[in-house]
Amino acid sequence: MNVCGRLSGRGESVSAVFRLDTSFGGGKTHGLIALIHAAAGMKGVTNVAEFLDPSLVPNRSVRVAAFDGENADPANGRPMGEGVRAHTPWGEIAYQLAGKAGYEIVRRSDEQRIAPGADTIKELFGSDPVLVVLDELGEYLRRVQGMGGRDQLTAFLKALLTAVESTPNAAVVYTLAVRSDGKGIDAFADENEFLASAMSELESVSGRKATNLNPTRDDET
């Protein structure tokens, strides 16, 4: 509801950044999948009101980009289509938002593993509402430890948040497997704790706090 309100411009939430925190197996990825269906207009769903205020369902096309750190391939590149292999989150997101032309905008950043700036990311958005989803960032960070990964991922997240916050009808949703006290709870605990700390610092610098959401209650987990 919060995210769709942002995308449609008809909600009360002023936040552009949303963070899902749950324990392992707590429904983060399923929540993201449901969100992407909602952003696409809930097509084929006859009982929309059971899940979401129908007035908040976006009635315009929403550009959606989803990065899954579990399936990323920073060394070899992940095949995206049209001969494009993306090595970084920004490479994958650029292609998903704007196709091959979008990837060409960040090709050098992707090949050199150097995060693009906020204005470059904003260029990819176009005039449509935009939803960027980031899942399993801790696992991706583990894979790029020896490639300057921490610094560049942090720089990218800062640029992404800046671009999204300054764009109407744009939102970013990311997941972290951490407890409410910021402690990691899965095999990538160190990486998730680093990301939790880094995101808190970025939010402090920008003066805008992410909206924290938990898709499942403890008893449901």
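Rules of the game
- Residues numbered from 1 in each chain as written.
- Predicted model: local features only at pLDDT ≥ 70, side-chain atom pairs only at ≥ 80, totals over all residues.
- Heavy atoms only, no water.
- 1 Å grid on protein atoms, 1.4 Å probe; cavity = no way out; pocket = protein on both sides within 12 Å on 5 of 7 lines; lining within 4 Å.
- Points joined across faces, edges and corners; volume = space filled by probe spheres on them.
- Helix = DSSP H or I, 4+ residues; strand = E, 2+ residues; numbered from the N terminus.
- Buried < 20%, exposed > 50% of the residue type's maximum accessible area, 1.4 Å probe, protein only.
- Polar contact = N/O pair within 3.5 Å; in protein donor to acceptor, adjacent residues only side chain to side chain.
- Phe/Tyr/Trp six-rings, centres within 6.5 Å; stacked < 30°, edge-to-face > 60°.
- Lys NZ or Arg CZ within 6 Å of the ring centre and 35° of its normal.
- Expected span 1.5 Å × (residues − 1).
- Bend = angle between axes of the 7 residues up to and from the residue.
- Pairing = 2+ DSSP bridges.

(A) Representation of empty space enclosed by the protein within the structure. Summed over all chains, the structure comprises three cavities of 30 Å³ or more. Estimates place the volume of the largest cavity at around 80 Å³. Taken together, twelve residues line the largest cavity, and the ones lying closest to its centre are Trp90, Arg113, Tyr140, Val144 and Gly149. Examining the composition of the lining of the largest cavity, we find that three residues originate from one element, helix α6 (residues 149–165), more than from any other.

(B) Focus on the side chain of Ser15. For Ser15, the position within the fold is in the loop between α1 (2–8) and β1 (17–21). A relative accessible area of 10% means that Ser15 is categorised as buried. A polar contact is formed between the side chain of Ser15 and the backbone oxygen of Val17, at a distance of 2.8 Å. A polar contact is formed between the side chain of Ser15 and the side chain of Thr211, at a distance of 3.2 Å.

(C) Highlighting the packing of aromatic side chains. Under the counting rule described, the total for this entry stands at two aromatic pairs. For the pair Trp90 and Phe156, a centre-to-centre distance of 5.2 Å together with 45 degrees between the ring planes defines the contact as tilted. Residue Trp90 is located in helix α3 (residues 89–111), and its partner Phe156 is located in helix α6; the two are separated by 66 residues in the primary sequence. Its relative accessible area of 2% is what places Phe156 among the buried residues. Sitting above the plane of the Phe194 ring, Arg150 keeps its charged end 4.3 Å from the centroid.

(D) Molecular detail of α3. The terminal C-alpha atoms of α3, which comprises 23 residues, lie only 12 Å apart, well short of the 33 Å expected from a rise of 1.5 Å per residue. The largest bend in α3 is about 140 degrees, located at Ala98. Of the residues trailing α3, Arg113 is marked for its positive phi of about 55 degrees.

(E) Structural context of the pairing of strand β5 (residues 130–135). Counting buried positions over the six residues of β5 gives six, a clear majority of the element. Burial along β5 is two-sided: Val130, Val132 and Leu134 facing one way and Leu131, Val133 and Asp135 facing the other are all buried. Examined bridge by bridge, strand β2 (residues 63–68) and β5 share six bridges and lie parallel to one another. Bridge assignment links Asp68 to a residue of β5, and that residue is Asp135. The sheet contact formed by β5 and strand β6 (residues 170–176) spans five bridges and is parallel. Of the residues in β6, the one forming a bridge with Val132 is Val172.

In short, geometric facts, not functional conclusions.
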